[in-house]
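Each chain is listed here by its residues.
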Amino acid sequence: MVKSIKVSYFALFREKVGKSSELIETDASTAIELFKELEGKHGFNQPFGHCKVAINDELAEWESDIQSGDNVLFFPPVSGG
Amino acid sequence: MLVTDSQIDIFHHSEALRNNHAGAYSCFEGWIRDHNDGHEVEKLEYEVFEPIAIKEGKKIINEAMELYEILGANCIHRKGLLQIGDCAVWVGVTAAHRNDAFIACRFIIDEVKIRLPIWKKEFYRNGDSGWVNCENCGRKN
């Protein structure tokens, strides 16, 4: 079933995409499926194991289900401190 | 846990941790240095996704309180544009004895650096700029 998902990007990902968020129509059922779909399209080219995902402002597992209306946030590797 | 776009008032925040049961206060300050990876750095910009950074930072402090014999702890992280020499992050910990203060302080800054959604972009003297890779990205997953 096609879902409508708001996807938000940060730092390097935002610069690669050219915007901070976009609405995506997708068949992906999990966060990782959506990431893999967009990774190729936008050329993120970052070590996947160090990227993180959040759903509706809560950190989430990559295998988490996504629902229509969710805000999925993709974080490139962090570098605070 | 706080995120601020102003200079960190370290005296104020360390005084807030003052406790008559504490025999030790340990702190860490992360400063902006003028070089990284062979580049001359002119300034640096931090991007923070605050809703999760604050939540996760509080979680780290609570973990430190459970793991070590400490009396209090706090962490402040800057966001926005910073100049060379500015304090980017401060961690303060109080404990009855120094060992717990030292190791809890180390635990908090180490976790902050790998868990909080914070990214830094360096601006170099030659006009280039770039996002800094995370410290543990060189390791195997």
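Everything quoted here is computed from the prediction, not taken from an experiment.

K.L.:
Hey, could you run me through the overall build of chain B in this one?
P.N.:
The secondary structure content of chain B amounts to three helices and nine strands. Counting helices and strands in the order they occur from the N terminus, chain B gives β-α-β-β-β-α-β-β-β-α-β-β. Compactness check: chain B gives a C-alpha radius of gyration of 16 Å against a globular reference of 14 Å for 141 residues, within 12% of the reference. Within the span of chain B, comprising 141 residues, buried residues form 32% of the whole.

K.L.:
Is there a simple way to think about the interface of chain A and chain B in this case?
P.N.:
A common way to report how large an interface is uses the accessible area buried once the components associate. The partner chain B presents 24 residues to the 17 residues of chain A that form the contact. Those elements giving two or more residues to the side of chain A that touches chain B turn out to be helix H1 (11-17) and strand S3 (52-55) of chain A. Partitioned by chemical class, the residues of the side of chain A that touches chain B number 10 nonpolar, five polar and two charged.

K.L.:
Help me understand the environment of Gly 130 of chain B, please; the structure alone is not making it clear to me.
P.N.:
Residues and elements named next belong to chain B. Its place among the elements puts Gly 130 in strand S9 (residues 129-131). Gly 130 gets classed as partly exposed once you count the C-beta atoms within 10 Å, which come to 14. C-alpha separation for the pair Gly 130 and Lys 120, spaced 10 residues apart in sequence, amounts to 8.5 Å. If sequence neighbours within four positions are ignored, Gly 130 has contacts with Lys 121 and Glu 122.

K.L.:
Looking at this model, I keep getting lost on the sheet that holds strand S1 (residues 3-9) of chain A. Mind explaining?
P.N.:
Consider a sheet: its strands pair through backbone hydrogen bonds, and that pairing is either parallel or antiparallel. All names here are of chain A. Strands sit in the order S2-S1-S5-S3-S4 across an open sheet of five strands; the sheet is mixed. On the outer flanks of this sheet lie strand S2 (21-26) and strand S4 (58-60), each paired with one strand and no other. The sheet shows a mean angle of 35 degrees between the axes of neighbouring strands, direction not considered. Here S1 pairs with S2 via six bridges, running antiparallel. What sits directly across from Ser 4, in S2, is Glu 25.

K.L.:
Help me out: how do you make sense of the nonpolar core in this one?
P.N.:
If you look at the biggest cluster of nonpolar residues, it comprises 49 residues, and the most contacted ones within it are Val 72 of chain A together with Val 93, Ala 104 and Ile 108 of chain B. With seven residues, helix H3 (residues 98-115) of chain B is the largest single contributor of residues to this core.

K.L.:
Got a minute to help me understand the environment of Ile 61 of chain B in this structure?
P.N.:
All names here are of chain B. Considering the arrangement of structural elements, one finds Ile 61 in helix H2 (residues 50-67). Under the C-beta neighbour-count criterion, Ile 61 is labelled buried, with 23 such atoms within 10 Å. Sequence spacing of Ile 61 and Ala 95 is 34 residues, and the spatial spacing of their C-alpha atoms is 14 Å. With near-sequence residues (within four places) excluded, Ile 61 lies in contact with Met 1, Ala 73, Asn 74, Cys 75 and Ile 108.

The rules we used
- Residues numbered from 1 in each chain as written.
- Chains lettered and ligands numbered in written order.
- Predicted model: local features only at pLDDT ≥ 70, side-chain atom pairs only at ≥ 80, totals over all residues.
- Helix = DSSP H or I, 4+ residues; strand = E, 2+ residues; numbered from the N terminus.
- Rg over C-alpha atoms; globule rule 2.2 N^0.38 Å.
- Buried ≥ 20, exposed ≤ 12 C-beta atoms within 10 Å, placed from the backbone.
- Contact = placed C-beta atoms within 7 Å.
- Nonpolar A, V, L, I, M, F, W, Y, C, P; charged D, E, K, R; others polar.
- Pairing = 2+ DSSP bridges.
- Axes fitted to C-alpha atoms, helices over the stretch in contact; angles between N-to-C directions.
- Core = buried A, V, L, I, M, F, W, Y, C linked by C-beta atoms within 7 Å.

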